[in-house]
Amino acid sequence: MRTIVYTAEIDDRFGAGKVSSRIGLSSPARLFNQHTSLKDEINNEHQREPIHCVLVDESQFLTREQVYALSDVVDELDIPVLCYGLRTDFRGELFTGSQYLLAWSDKLVELKTICFCGRKASMVLRLDQEGRPYNEGEQVVIGGNERYVSVCRKHYKEALTEGSLATIQNRVRG
Ligand SMILES: [Zn+2]
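Residues numbered from 1 in each chain as written. Predicted model: local features only at pLDDT ≥ 70, side-chain atom pairs only at ≥ 80, totals over all residues. Heavy atoms only, no water.

> Help me out: how do you make sense of the pairing of strand β7 (residues 123-127) in this one?
The side chains of a regular strand alternate between both faces of the sheet. The element β7 is extensively covered by neighbouring structure, given that five of its five residues are classed as buried. Of the two faces of β7, the one lined by Met 123, Leu 125 and Leu 127 and the one lined by Val 124 and Arg 126 are each fully buried. With five bridges connecting them, β7 and strand β8 (residues 147-151) associate as antiparallel partners. Residue Val 124 lies in a different strand from β8, and its bridge partner there is Ser 150. (Buried < 20%, exposed > 50% of the residue type's maximum accessible area, 1.4 Å probe, protein only. Helix = DSSP H or I, 4+ residues; strand = E, 2+ residues; numbered from the N terminus. Pairing = 2+ DSSP bridges.)

This is the structure in C-alpha cells:
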C-alpha cells in the first residue's frame, strides 16, 4: 500500500515531518500549512504512481477549503483519506478543521481518553508554567511552555473556577 502521510507544520514535537504514535511507531510525513494545496499535491503524486491511502495527522489545523479538497480526493480520485485530530481547543471551541471534518466525514471514530476521575475526557485544559489552568488567548501557541491535560467536562469547569487542577485532583483522589 502506498500511503501519503501529512502532519501540521505547526507541530514540531517529534521533529520536522514525522508522525509518531504513542506505542512507538513512526512514519515520515509531509508538512501542511494553511496554504498547502492538498488536492493538487495528492493528485500529482497519484498520477506519478497510484496512492492507496492518505493519512492526515493534526487535522484540526486544516482549513475549511482543505477539508473540502480532501473530500474531493475521496470523491474524485477515489482515495480514502483518514484524518486524526483534536475536536476542541482548550477553550472548548471546535478547531476549524475539526468543525468541517465533523460536518463532512463519511465516518467518525471517537478515540476515548479518560480523565483522572475515570470519566470520559472530552475537554482539554491548558496549564501555564505554574500549572494554573487558563482558557484565554491564542488557540495555538508555538514553542510555549504550557501543558495540555485531557479532562472530563465537570473537572474542566471546576479547574477553571478554582484556578487549579491539582487542588481538584487531590480532592477527588482523597
Ligand atoms: Zn473528571
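Anyway, onward from the coordinates.
> Looking at this structure, I do not really get the layout of surface pockets. What am I missing?
It is a probe the size of a water molecule, rolled over the atoms, that shows where empty space is left. Here the second largest pocket defines a volume of roughly 230 Å³. Lining the second largest pocket are 14 residues, and of these Ile 10, Gln 34, Phe 61, Leu 62 and Val 140 sit closest to its centre. Across the lining of the second largest pocket, the residue classes break down as seven nonpolar, six polar and one charged. (1 Å grid on protein atoms, 1.4 Å probe; cavity = no way out; pocket = protein on both sides within 12 Å on 5 of 7 lines; lining within 4 Å. Points joined across faces, edges and corners; volume = space filled by probe spheres on them. Nonpolar A, V, L, I, M, F, W, Y, C, P; charged D, E, K, R; others polar.)

> Teacher, can you tell me more about the UniProt feature "active site" (unreviewed entry) in the chain here?
In this structure's numbering, the residues bearing the UniProt feature "active site" (unreviewed entry) are Glu 58. Residue placement: Glu 58 occurs in the loop between β5 (53-57) and α2 (64-75). Looking at Glu 58, the relative accessible area reads 10%, which means it is buried. (UniProt positions renumbered as here; feature names shortened; annotations may be inferred.)

> Mind showing me how you'd approach the sheet that holds strand β6 (residues 81-84) here?
The pairing of strands in a sheet comes from backbone hydrogen bonds and takes either a parallel or an antiparallel form. Here four strands make up an open sheet; going across it, the order is β4-β1-β5-β6 and the pairing parallel. What marks the edges here is a single partner per strand, and that holds for β4 (30-32) and β6. Between one strand axis and the next, the sheet turns by 25° as a mean value, whatever way the strands run. Sheet topology note: the strand β1 (residues 3-8)/β5 ladder contains four bridges and is parallel. Its bridge partner being in β5, Val 5 is matched across the sheet by Leu 55. Along the sheet face, helix α1 (residues 38-48) touches β1, β4 and β5 and points at about 155° away from the line of β1. (Axes fitted to C-alpha atoms, helices over the stretch in contact; angles between N-to-C directions. Contact = heavy atoms within 4.5 Å.)

> Would you take a moment to explain the pattern of salt bridges for this structure?
For side chains of opposite charge, pairing can occur when their charged atoms come near one another. A complete count under the given rule lists 13 salt bridges for this structure. A salt bridge links Lys 120 to Glu 110; its shortest N-O distance comes to 2.9 Å. Of this pair, Lys 120 sits in the loop between α3 (96-104) and β7 while Glu 110 sits in the loop between α3 and β7, placing them ten residues apart in sequence. A salt bridge links Glu 158 to Lys 154, with the nearest nitrogen and oxygen atoms 3.5 Å apart. Taken together, the residues Glu 158 and Lys 154, both in helix α4 (residues 153-162) and four residues apart, mark about one turn of the helix. (Salt bridge = Lys/Arg side-chain N within 4 Å of Asp/Glu carboxyl O.)

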